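So the chains spell out like this:
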Amino acid sequence: MERNSNNSWTILVVDDEAVIRRLLCQKMISLGYNCLEANGSQQAMDKMNERPADLVILDIMMPGGSGMELLPEIKKAYPDTIVIMATAAGDAETAIKCVRMGAYDYFTKPYNLDEVALSIARALNTRRLELEVLDYQNNLEEKVKVQAHKIRNSFMNAVTALALALDAKDGYTSGHSGRVSEISVVIAKELGMQDGSIENIRLAGLIHDIGKIGVKEEVLNKPGLLTPQESEHIKTHPAIGERILKPIVEEQEILDMVRLHHERIDGRGYPDGLSGGQIPPGAAIMALADAYDAMTSDRPYRKSLGHKIAMEEIKKGSGTQFSPDAVEAFLRVENIIAPKAVKP
Ligand SMILES: [Fe+2]
């Protein structure tokens, strides 16, 4: 809130004597403050609950509840409200006690109105500075957050662009990452996964094969069957992908999907040989989407199997290669996924 003029501050004068309240309020109003009055503790709390004042002038000696009892109540309910005690001359000890209990200052009656005005101005000025610092800190945190988000997004865009470029370069798998991403999202939605996870799956699908940057091109595009060594070499790509992304991707869910998209439910996958529930759901979904797209794409050594045969293979692989939950969801949304098997 902007606090550039006195008229944005509200002062509550709590005193059992109407004359004193009026005197103080007249002075405050003449200085441009908003001023409210309360004749005792009960009315003071009622007024505060209705509209918390920025500053309270609190009489210590009042019938029906002293200002000293009300002070901790106000500080507890409204810690940001400044309380200045008003005390009879000669009772400085009580006033000092109040300062120890959280009062900002104290005035001695009879009031010197100019001194009162000065003390109030000083107190509210301190409060204004505190609010400005707080405002600055809040804005700064927000700005840092926005910048960090922007930086992360541009990194992710760069990585995604790189992954898609990699896809485009390989004539046989062109568009593969985009399709794996789309198919995975369809399955994840069918499984009722949360929005945050679905977004992670969408992103992970686009970059799941980024580690192929580290695989030799002649192996990646080899037209014939791979030797055992070449096969082992290709199997390094999920771990390489995770390593590439780790410095820029905070979400463990995404890193897991990249690393574990070739795991099998029976534990015969790679790189970690995880099985059953050890494989995170996102990675299980991606493994299925990846395999479906591979089967329905032309490869250097074979033509596409087509949707129908791919579906048979997926059903056969349920519980061994694929997660049965993911397969069941896949079957329920088969009609949405099938058109993606027709490659341009
Ligand atoms: Fe892969």
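Above: the structure in question.
What you see as residue numbers is a count from 1 along each chain, following the sequence as written. The predicted nature of this model means local features are confined to residues of pLDDT at least 70 and side-chain atom pairs, given and counted, to a pLDDT of 80 or more, with totals for whole chains, interfaces and linings taken over all residues.

Exposure classification rests on a simple neighbour count of other C-beta atoms within 10 Å of a residue's own: a residue reaching 20 or more is buried, one at 12 or fewer is exposed, and one in between is partly exposed. C-beta atoms are placed from the backbone. Elements are defined by DSSP. Helices are runs of H or I of four residues or more, strands are runs of E of two residues or more, and each kind is numbered from the N terminus. Taken residue by residue, helix H14 (residues 324-332) has Ala 326, Val 327, Ala 329 and Phe 330 as its buried positions. Buried positions in H14, seen along its axis, are confined to an arc of 165° and lie on one side of it. Whether two residues are in contact is decided by their C-beta atoms, placed from the backbone, lying within 7 Å. Buried-residue contacts for H14 involve helix H6 (176-190), helix H12 (281-295), helix H13 (306-317) and helix H15 (334-337). Within this analysis, the arc is defined by the directions that extend from the helix axis to the C-beta atoms.

A word on the sheet that holds strand S1 (residues 10-14). Sheet architecture is open: five strands sit in the order S2-S1-S3-S4-S5, paired in parallel fashion. Both outer strands of the open sheet, strand S2 (34-38) and strand S5 (105-109), are each paired with one neighbouring strand and no more. Taken over all neighbouring pairs, the strand axes of this sheet differ in orientation by 20° on average, direction set aside. Sheet topology places S1 next to S2; five bridges connect them, and they run parallel. Its bridge partner being in S2, Val 13 is matched across the sheet by Glu 37. Across the sheet, helix H1 (residues 18-30) touches S1, S2 and strand S3 (55-59), and the angle it forms with S2 is around 170°. Each pair of strands is called paired provided DSSP finds at least two bridges between the two strands. Only the contacting stretch of a helix is used when fitting its axis, a line to C-alpha atoms as for every element, and angles between N-to-C directions run 0 to 180 degrees.

The next subject is the pairing of strand S4 (residues 82-88). For S4, a buried count of six out of seven residues is recorded, marking the element as mostly surrounded by other parts of the structure. In this sheet, S4 lies alongside S3 in parallel orientation, the contact comprising five bridges. Considered in S4, the bridge of Leu 58 is made with Met 85. We call a crossover right-handed when, viewed with both strands directed away from the observer, the connection leading from the first strand over the helix to the second proceeds clockwise. Handedness of the crossover is the feature at issue here: the chain leaves S3, passes through helix H3 (residues 67-77), returns alongside S4, and the resulting connection is right-handed. Note: S4 against S5, five bridges, orientation parallel. Bridge pairing links Thr 87 to Thr 108 in S5.

Another point: the environment of Gly 211. Assignment of secondary structure puts Gly 211 in the loop between helix H7 (195-207) and helix H8 (217-220). Not counting residues within four places of it along the chain, the set of residues in contact with Gly 211 comprises His 237, Pro 238, Ala 239, Ile 240, Gly 241 and Ile 244.

Formed by 41 residues in total, the largest nonpolar core has its most connected members in Ile 187, Ile 285, Leu 288 and Ala 326. Mapped onto this core, the elements with two or more residues apiece are H6, H7, helix H11 (252-260), H12, H13 and H14. The element best represented in this core is H12, accounting for 10 residues. Setting aside anything within four residues of it in sequence, one finds Ala 326 in contact with Ile 187, Ala 284, Ile 285 and Leu 288. Remark: nonpolar core denotes a set of buried Ala, Val, Leu, Ile, Met, Phe, Trp, Tyr and Cys residues whose joining runs through C-beta atoms within 7 Å. Membership of the second largest hydrophobic core comes to 36 residues, among which are Leu 58, Ile 60, Ala 95 and Ile 120.

Below, the discussion takes up the pairing of S1. Within S1, four of the five residues are buried, leaving the element largely enclosed by the surrounding structure. Handedness of the S1-H1-S2 crossover: right-handed. Note: S1 against S3, four bridges, orientation parallel. Opposite Leu 12, over in S3, you have Val 56 as the bridge partner.

With respect to the helices and strands, His 237 occurs in helix H10 (residues 237-245). Judged by C-beta crowding, with 23 C-beta atoms within 10 Å, His 237 ranks as buried. The sequence separation of His 237 and Arg 299 amounts to 62 residues, and the corresponding C-alpha distance is 18 Å. Apart from the residues lying within four places of it in its own chain, the contact partners of His 237 are Asp 209, Gly 211, Lys 212, Gly 214 and Val 215.

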